[in-house]
There are 2 protein chains.
Amino acid sequence: MTSTSTTTGTIIDADAAAAVRALLDAQVAAHASRDAAGILAPFARGAARYDLAPPLQQGPGTLVGDLQGVTAWLATFDGPVLLEHRDLVVDAGGDLAFAHALTRMTATPAGAPNSFSFWFRSTWGLRQIDGTWRIVHEHQSTPFHMDGSFRAATDLEP
Amino acid sequence: MTSTSTTTGTIIDADAAAAVRALLDAQVAAHASRDAAGILAPFARGAARYDLAPPLQQGPGTLVGDLQGVTAWLATFDGPVLLEHRDLVVDAGGDLAFAHALTRMTATPAGAPNSFSFWFRSTWGLRQIDGTWRIVHEHQSTPFHMDGSFRAATDLEP
């Protein structure tokens, strides 16, 4: 285990943080190659997922709560689903880690002539289970405008 | 330190988890008593906050990014701001913890005759810094409807 002191005086487990970053990189690659099983692979069984779309929590039978859901979600796009995590921060120590980033998604709706891009916020909670890092909690969202419109703020940039 | 094996075989630090729950309880109480300083007290300096309202990340000068912002936010309500965290799960070990819950907020807009309630998702990342647990990351959101309306889904229930 390699430990590094940060400017705030807390200790980061650099090896664990690198493993978490590799896991997230693999999930980005799975989106780009439209690999539904690869998108779900990093999640622990029963992970609590708060996704961009309703319901409040994703589980089996929801939009992206299982393989069938993710497959159906991928079918709403033509070509790769590109994700970019900006300003990724990973806190890791022992068998526990959490991470957050601002994420840009770029994709082309099925049958549409052009791609769209938008930014959202991503947070992950992870545990090392039987020697393998797994996402036990994921939270992805946009804020919403509090001007009475209740519109999701999908037009924000970091 | 008291450790307990969960059904998934991972280890939970029960004392740390209790400290995190106490911190969140204190922040709920600070909302109920409209105590802006108490609402901000649990946050580490420079915490990365992804809030319900824009921008993508709250910092000084934003809606709830500093004492002035939280004070202004509280002024938009008459009386207590009531929060309830349901199904709170805390993962804690060593100096690191993360937690998530479905949160119901109930409040009365300034000058309005009636209160409103809505549910959102809450996630926290925490570190023990100089012996005190602090929130270093917070993420609160509603999902949004993907029916083309881009409306925030403020009408969902757990």
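Computed from a prediction, not measured in an experiment: that's the story for all the values here.

Caption draft 1: Local environment of the overall build of chain A. In terms of helices and strands, chain A carries three helices and seven strands. The order of α-helices and β-strands along chain A, N terminus first, is β-β-α-α-β-α-β-β-β-β. The C-alpha atoms of chain A give 17 Å as radius of gyration, which agrees with the globular expectation for 158 residues (15 Å, within 12%). Projected onto the principal axes, the alpha-carbon positions of chain A cover approximately 50 × 35 × 25 Å. Evaluated residue by residue, chain A yields a buried proportion of 35% over its 158 residues. Taking the contacts inside chain A whose residues are at least 6 apart along the sequence as the reference set, 45% of them involve residues at least 24 apart.

Caption draft 2: How the structure looks around the relation of the copies chain B and chain A. For the pair chain B and chain A, the best superposition has an RMSD of 0.0 Å and corresponds to a rotation of 180° with a translation of 0.0 Å parallel to the axis. A rotation of that kind, with that shift, is consistent with a two-fold axis. Here 100% of the contact residues of chain B are again contact residues in chain A; the copies associate through an equivalent surface.

Caption draft 3: Geometry of unusual backbone geometry. With an omega of 5°, the peptide bond between P54(A) and P55(A) qualifies as cis. Residue position: P55(A) is located in the loop between β3 (43–50) and α3 (67–74). In this structure, D87(B) takes a positive phi of about 55° despite not being glycine. Within the fold, D87(B) resides in strand β4 (residues 77–93). We note that F150(B) has phi near 55°; this positive angle belongs to a residue other than glycine. In this structure, F150(B) sits in the segment after β7 (132–141).

Caption draft 4: Structural detail: the sheet that holds strand β5 (residues 96–109) of chain A. All names here are of chain A. Read across the sheet, five strands follow the order β3-β7-β6-β5-β4 without closing on themselves; strand pairing throughout is mixed. The open sheet has two free edges, formed respectively by β3 and β4 (77–93), since each of these has just one partner strand. This sheet shows a mean twist of 25° between the axes of neighbouring strands, independent of strand direction. On the sheet, helix α1 (residues 14–32) packs against β4, β5, β6 (116–129) and β7 (132–141) and is oriented at approximately 170° with respect to β4.

Caption draft 5: Local environment of the interface of chain B and chain A. Residue-level contacts link 41 residues of chain B with 41 residues of chain A. Elements supplying a minimum of two residues to the side of chain B that touches chain A: β3 (43–50), β4, β5 (96–109), β6 (116–129) and β7 of chain B. For the side of chain B that touches chain A, the element with the highest residue contribution is β6(B), accounting for six residues.

Caption draft 6: Summary view of the nonpolar core. Ranked by internal contacts, the top residues of the largest apolar core, which has 36 residues, are V20(A), A97(A), L126(A), V20(B), A97(B) and L126(B). With residues up to four places along the chain from it excluded, the contact list for V20(B) reads V90(B), A92(B), A97(B), A99(B), L126(B) and W133(B). By size, the runner-up hydrophobic cluster in this structure holds 10 residues, among which are F144(A), L52(B), F120(B) and F144(B).

Caption draft 7: Examining the environment of L56(B) more closely. With respect to the helices, strands and loops of the structure, L56(B) is situated in the loop between β3 and α3 (67–74). Sequence spacing of L56(B) and A26(B) is 30 residues, and the spatial spacing of their C-alpha atoms is 26 Å. With residues up to four places along the chain from it excluded, the contact list for L56(B) reads L102(A), W119(A), R121(A), P143(A), L156(A), P158(A) and Y50(B).

Caption draft 8: Inspection of the sheet that holds β3(B) at higher detail. Residue and element names in this part refer to chain B. Strand order in the open sheet formed by five strands is β3-β7-β6-β5-β4, with mixed pairing between adjacent strands. Every interior strand has two partners, whereas the edge strands, β3 and β4, have only one. Across the sheet, the mean angle from the axis of one strand to that of its neighbour is 25°, orientation sign disregarded. In the sheet, β6 pairs with β7 via nine bridges, with the strands oriented antiparallel. Bridge pairing links G125 to H137 in β7.

Caption draft 9: Summary view of helix α1 (residues 14–32) of chain B. Over its 19 residues, α1(B) extends 27 Å from the first C-alpha to the last, a length consistent with the 27 Å expected when each residue adds 1.5 Å. Looking at the residues trailing α1(B), positive phi occurs at R34(B), about 55°.

Caption draft 10: Structural detail: the pairing of β4(A). All names here are of chain A. Bridge count between β4 and β5: 12 bridges; the pairing is antiparallel. Looking at the pairing, V90 lines up with A99 of β5. What sits between β4 and β5 in their antiparallel hairpin is a turn of two residues, with G94 showing a positive phi close to 60°.

Caption draft 11: Region of the structure containing the confidence of the model for chain A. Residues and elements named next belong to chain A. When the pLDDT values of chain A are averaged, the result is 91; 92% of them are 70 or greater. Counting contacts from residues 1–10, a segment whose pLDDT is below 50, to residues more than four positions away or on other chains yields 16 contacts. In the predicted assembly, ipTM is 0.92 and pTM is 0.92.

Conventions and cut-offs
- Residues numbered from 1 in each chain as written.
- Chains lettered and ligands numbered in written order.
- Predicted model: local features only at pLDDT ≥ 70, side-chain atom pairs only at ≥ 80, totals over all residues.
- Helix = DSSP H or I, 4+ residues; strand = E, 2+ residues; numbered from the N terminus.
- Rg over C-alpha atoms; globule rule 2.2 N^0.38 Å.
- Buried ≥ 20, exposed ≤ 12 C-beta atoms within 10 Å, placed from the backbone.
- Contact = placed C-beta atoms within 7 Å.
- Least-squares fit on C-alpha atoms with pLDDT ≥ 70 in both.
- Pairing = 2+ DSSP bridges.
- Axes fitted to C-alpha atoms, helices over the stretch in contact; angles between N-to-C directions.
- Core = buried A, V, L, I, M, F, W, Y, C linked by C-beta atoms within 7 Å.
- Expected span 1.5 Å × (residues − 1).
- pLDDT = per-residue confidence, 0-100.

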